[in-house]
Amino acid sequence: DTAVSQTPKYLVTQMGNDKSIKCEQNLGHDTMYWYKQDSKKFLKIMFSYNNKELIINETVPNRFSPKSPDKAHLNLHINSLELGDSAVYFCASSPGEKGEKLFFGSGTQLSVL
Amino acid sequence: AQTVTQSQPEMSVQEAETVTLSCTYDTSESDYYLFWYKQPPSRQMILVIRQEAYKQQNATENRFSVNFQKAAKSFSLKISDSQLGDAAMYFCAYRRTGNQFYFGTGTSLTVIP
């Protein structure tokens, strides 16, 4: 009964490959996010979706494409992986009500070799 | 633009002592929310405490309290009676209208036995 679950937890792949990370939340939240945490632990927002619609798309290479088939799911597809994509990717959700916190998944550690 | 600054990349505290982690933010909004999140080595993001900008009273949660200075745009976290389990990265976060969250660069807290 995990609130925000993302898979896989670890992903090791070669440069140039395409990979996807899946995220699902069972909290009924309207807003979902992808954050990237780099090796210096800096957490940067990548995308934000509200009810399946893209709200925020920060300066992220267009190799990264989020897909939200319904408001409970937000997947992240990455094409032509590069060494610099190595990071921990966090999915999160929020109910959108004032003051409510972000609920985070456990993160996916992506290592590009 | 909203920015969150944590000027202390690393802090250490003796077990049972008190430590204060600093956070400043920049905003033109008057209604917003502030959070402190803890990230232990397990990587999970855990909410420590939250503060509503329109409330003058500082939030407290057991051994954790904040010093919120709205005019100075400062939001520091005080941890009293520090325990070994408090060792973690601590992130200050700002939630603006539109349900968007922005994080500081984090402070790594070491607790010395």
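These numbers come from a predicted model, not from an experiment.

Definitions and cut-offs
- Residues numbered from 1 in each chain as written.
- Chains lettered and ligands numbered in written order.
- Predicted model: local features only at pLDDT ≥ 70, side-chain atom pairs only at ≥ 80, totals over all residues.
- Heavy atoms only, no water.
- Phe/Tyr/Trp six-rings, centres within 6.5 Å; stacked < 30°, edge-to-face > 60°.
- Helix = DSSP H or I, 4+ residues; strand = E, 2+ residues; numbered from the N terminus.
- Lys NZ or Arg CZ within 6 Å of the ring centre and 35° of its normal.
- Buried < 20%, exposed > 50% of the residue type's maximum accessible area, 1.4 Å probe, protein only.
- Pairing = 2+ DSSP bridges.
- Axes fitted to C-alpha atoms, helices over the stretch in contact; angles between N-to-C directions.
- Contact = heavy atoms within 4.5 Å.
- Buried area = accessible area lost by both parts, 1.4 Å probe.
- Salt bridge = Lys/Arg side-chain N within 4 Å of Asp/Glu carboxyl O.
- Polar contact = N/O pair within 3.5 Å; in protein donor to acceptor, adjacent residues only side chain to side chain.
- Nonpolar A, V, L, I, M, F, W, Y, C, P; charged D, E, K, R; others polar.

What exactly am I supposed to notice about the packing of aromatic side chains here?
We describe a pair of aromatic rings using the distance from one ring centre to the other and the angle between the two ring planes. All told, the structure shown has 16 aromatic pairs over all chains when counted by the stated rule. Aromatic pair Tyr 35 of chain A and Phe 104 of chain A: ring centres 6.1 Å apart, planes at 50 degrees, arrangement tilted. Separated by 69 residues along the polypeptide, Tyr 35 of chain A in strand β4 (residues 31–37) and Phe 104 of chain A in strand β10 (residues 103–104) bring together distant segments of the chain. An aromatic cluster is built from Tyr 33, Tyr 35, Phe 90 and Phe 104 of chain A together with Phe 35, Tyr 37, Phe 101 and Phe 103 of chain B, whose rings are joined through pairwise contacts. Positioned above the aromatic ring of Phe 103 of chain A is the side chain of Lys 101 of chain A, whose terminal nitrogen or guanidinium carbon lies 4.7 Å from the ring centre. The ring of Tyr 10 of chain A has Arg 43 of chain B sitting right over it, with the charged end atom 5.3 Å from the ring centre.

Looking at this structure, I do not really get the pairing of strand β11 (residues 108–112) of chain A. What am I missing?
Residue and element names in this part refer to chain A. With burial as the criterion, only one face of β11 is covered, namely that bearing Thr 108, Leu 110 and Val 112; the residues Gln 109 and Ser 111 on the opposite face remain uncovered. Where strand β2 (residues 10–13) lies against β11, four bridges are found, and the strand directions are parallel. Directly across from Val 12, in β11, lies its bridge partner Ser 111. The pairing of strand β9 (residues 87–94) with β11 spans three bridges and is classified as antiparallel. Directly across from Ala 87, in β11, lies its bridge partner Leu 110.

Looking at this model, I keep getting lost on the sheet that holds strand β7 (residues 64–70) of chain A. Mind explaining?
Adjacent strands of a sheet pair through backbone hydrogen bonds, lying either parallel or antiparallel. Residue and element names in this part refer to chain A. Spatially, four strands are ordered β1-β3-β8-β7 in an open sheet, and the strand pairing comes out antiparallel. This sheet does not close on itself; its edge strands, each paired only once, are β1 (4–7) and β7. In this sheet, adjacent strand axes meet at a mean angle of 15 degrees when their direction is disregarded. Sheet analysis places β1 next to strand β3 (residues 19–25), joined by four bridges and oriented antiparallel. By the bridge assignment for β3, Ser 5 is matched with Glu 24.

I keep staring at unusual backbone geometry and nothing clicks. Help me out?
Peptide bonds are trans in most cases, and residues, glycine excluded, mostly fall at negative phi. Following Thr 7 of chain A, the chain continues to Pro 8 of chain A via a peptide bond in cis, the omega torsion being 0 degrees. Positive phi, normally seen in glycine, also occurs at Lys 41 of chain A, with a value near 75 degrees. You will see that Arg 43 of chain B, though not glycine, has its phi angle at about 85 degrees, which is positive. Following the sequence through the fold, Arg 43 of chain B ends up in the loop between β5 (33–39) and β6 (46–52). The buried category is assigned to Arg 43 of chain B, whose relative accessible area is 11%.

Mind showing me how you'd approach the interface of chain A and chain B here?
Quoted interface sizes are often the accessible area lost when the parts come together. Taken together, the contacts link 31 residues of chain A with 20 residues of chain B. When chain A packs against chain B, close to 2,000 Å² is buried across both sides, 51% of that on carbon and sulfur atoms. One can count zero salt bridges joining chain A with chain B. Our enumeration of links across chain A and chain B arrives at twelve residue pairs in polar contact (both at pLDDT 80 or more). Counting only elements with at least two residues in the side of chain A that touches chain B, the list comes to β4, β5 (43–50), β6 (53–57), β9 and β11 of chain A. In the side of chain A that touches chain B, the residues fall into twelve nonpolar, eleven polar and eight charged.

Coordinates in, geometry out; function isn't part of it.
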